[in-house]
Amino acid sequence: MDVKCIIFDCDGVLVDTEKIGNGILLEMAAEHGFEMKLEEAYRDFNGRNLKECFLHIEDAIAKKLPESFEKEYRQRSFEAFRTQVKPMEGVVSFLNSLKIPYCVASSGPVDKIRLNLEVAGLLDKFENKIFSSYEINSWKPEPGIFLHAAKEMGFEVKDCIVVEDSKAGVMAGRKGGFKVYGFANGYNDTDLKAGGAVLFNSYVELRGVIGV
């Protein structure tokens, strides 16, 4: 296909945040009796609405989490993101080489997306090209955020590709009719491939695969 626009997910695709966010969530949930390995969290939580992750935890422990749980999680994760977030390896040179439009479409709140991009040194590359599920009240695995991003960028679905690292994100992209490229990290390979994504392991590889 002739790729005219690239729609990137944020966490785990542009910025290296998944270990930080999942680590904090599992640490906090463990205080309430929840147990899960980090690699399982990558598979089950990445790309999902945070409230869905909380429901998963509540179902497993058969009780409600405290009302303050979300606020505390956001505070702790934001503080960690402010100092620990880095760009994914190779993404800066990949973005610098692009001659076509691109944007970011994430399930996270706008302030979280902006914070992570800023700390990673990528915010200037995405100004006015940031799209959040919270703006349209539609979360992955529903395709709404990707369809919204394509429309706002001025392109049809057939002219865009989606770059994702989560099962929910791949499902969203495929439901929307997009060709999806899955950033394999060793934990998600099977799920991404099963969802219909074309796998890649580095931005050097992605550049060669899509020819941009």
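In this text the structure is predicted, and so the values were computed from the model without any measurement. (Residues numbered from 1 in each chain as written. Predicted model: local features only at pLDDT ≥ 70, side-chain atom pairs only at ≥ 80, totals over all residues. Heavy atoms only, no water.)

On to the sheet that holds strand 4 (residues 160–164), then. One open sheet holds the six strands; their spatial order is 3-2-1-4-5-6, and the pairing between them is parallel. Strand pairing shows two members of the sheet lacking a second neighbour, strand 3 (130–132) and strand 6 (198–200), which therefore form its edges. Sheet twist, expressed as the mean angle between neighbouring strand axes with direction ignored, is 25°. Two elements, strand 2 (residues 102–106) and strand 3, share three bridges in a ladder whose sense is parallel. The partner of S106 across the bridge, within strand 3, is S132. Docked against the sheet, helix 9 (residues 144–153) engages strand 1 (5–8), strand 2, strand 3 and strand 4, running at close to 150° with respect to strand 2. (Pairing = 2+ DSSP bridges. Helix = DSSP H or I, 4+ residues; strand = E, 2+ residues; numbered from the N terminus. Axes fitted to C-alpha atoms, helices over the stretch in contact; angles between N-to-C directions. Contact = heavy atoms within 4.5 Å.)

A word on the packing of helix 1 (residues 18–30) against helix 4 (residues 69–84). It is the contact of helix 1 with helix 4, at a shortest axis distance of 10 Å, that shows an interaxial angle of 145°. Considering how the two elements wind past one another, helix 1 and helix 4 form a crossing that is right-handed. For the pair helix 1 and helix 4, the contacting residues are I20, G21, I24, L25, E27, M28 and A29 in the first and F69, E72, Y73, R76, S77, A80, F81 and Q84 in the second. Tallied by class, the residues present in the contact of helix 1 with helix 4 amount to nine nonpolar, three polar and three charged. (Left-handed = near helix turned anticlockwise from the far one by under 90°. Nonpolar A, V, L, I, M, F, W, Y, C, P; charged D, E, K, R; others polar.)

Ranked by size, the top nonpolar core spans 53 residues in total, and within it I6, F8, L14, F45, L117, F126 and Y203 carry the most contacts. The next biggest cluster of nonpolar side chains, apart from the first, holds 18 residues, and it includes F131, I145, C160 and F178. (Core = buried A, V, L, I, M, F, W, Y, C linked by side-chain atoms within 4.5 Å. Buried < 20%, exposed > 50% of the residue type's maximum accessible area, 1.4 Å probe, protein only.)

Here the focus is the packing of aromatic side chains. Under the defined criterion, the tally for this structure stands at 13 aromatic pairs. Considering the side-chain rings of F8 and F126, the 6.3 Å spacing of their centres and the 85° angle between planes classify their relative orientation as edge-to-face. Placement of F8 in strand 1 and of F126 in helix 7 (residues 123–126) is noted, with a sequence separation of 118 residues between them. Per residue, the accessibility class of F8 equals that of F126, and both read buried. A ring pair is formed by Y134 and W139, whose centres lie 5.1 Å apart and whose planes are at 90°; its orientation type is edge-to-face. Looking at Y134, the relative accessible area reads 30%, which means it is partly exposed. (Phe/Tyr/Trp six-rings, centres within 6.5 Å; stacked < 30°, edge-to-face > 60°.)

Glancing now at the pattern of salt bridges. Tallied over the full model, the rule gives 13 salt bridges. A salt bridge links K4 to D159, with the nearest nitrogen and oxygen atoms 3.9 Å apart. Taken together, the residues K4 in the segment before strand 1 and D159 in the loop between helix 9 and strand 4 connect sequence positions 155 residues apart. With relative accessibility at 36%, the residue K4 sits in the partly exposed group. Residue class for D159 comes out buried when judged on its relative accessible area of 10%. Three or more residues joined by partner-sharing salt bridges are found here, namely K4, K158 and D159. (Salt bridge = Lys/Arg side-chain N within 4 Å of Asp/Glu carboxyl O.)

This part covers the environment of A168. Here A168 lies in helix 10 (residues 167–175). As for A168 and V91, which are separated by 77 residues in sequence, their C-alpha atoms are 22 Å apart.

Summarising burial for strand 5 (residues 179–183): four of the five residues are buried, a large majority. The sheet contact formed by strand 4 and strand 5 spans four bridges and is parallel. Looking across to strand 5, one finds that V162 is bridged to V180. Handedness of the crossover joining strand 4 and strand 5 through helix 10 is recorded here as right-handed. For the crossover from strand 5 across helix 11 (residues 189–194) to strand 6, the handedness is right-handed. (Right-handed = clockwise from strand over helix to strand, strands pointing away.)

In this section: the pairing of strand 1. With burial as the criterion, each face of strand 1 is covered, one bearing C5 and I7 and the other bearing I6 and F8. Note: strand 1 against strand 4, four bridges, orientation parallel. Pairing of C5 across the sheet is with C160, part of strand 4. Summarising the sheet, strand 1 and strand 2 pair through three bridges and their orientation is parallel. Note that in strand 2 the partner of I7 across the bridge is C103.

Function-wise, these values are silent; they only describe arrangement.
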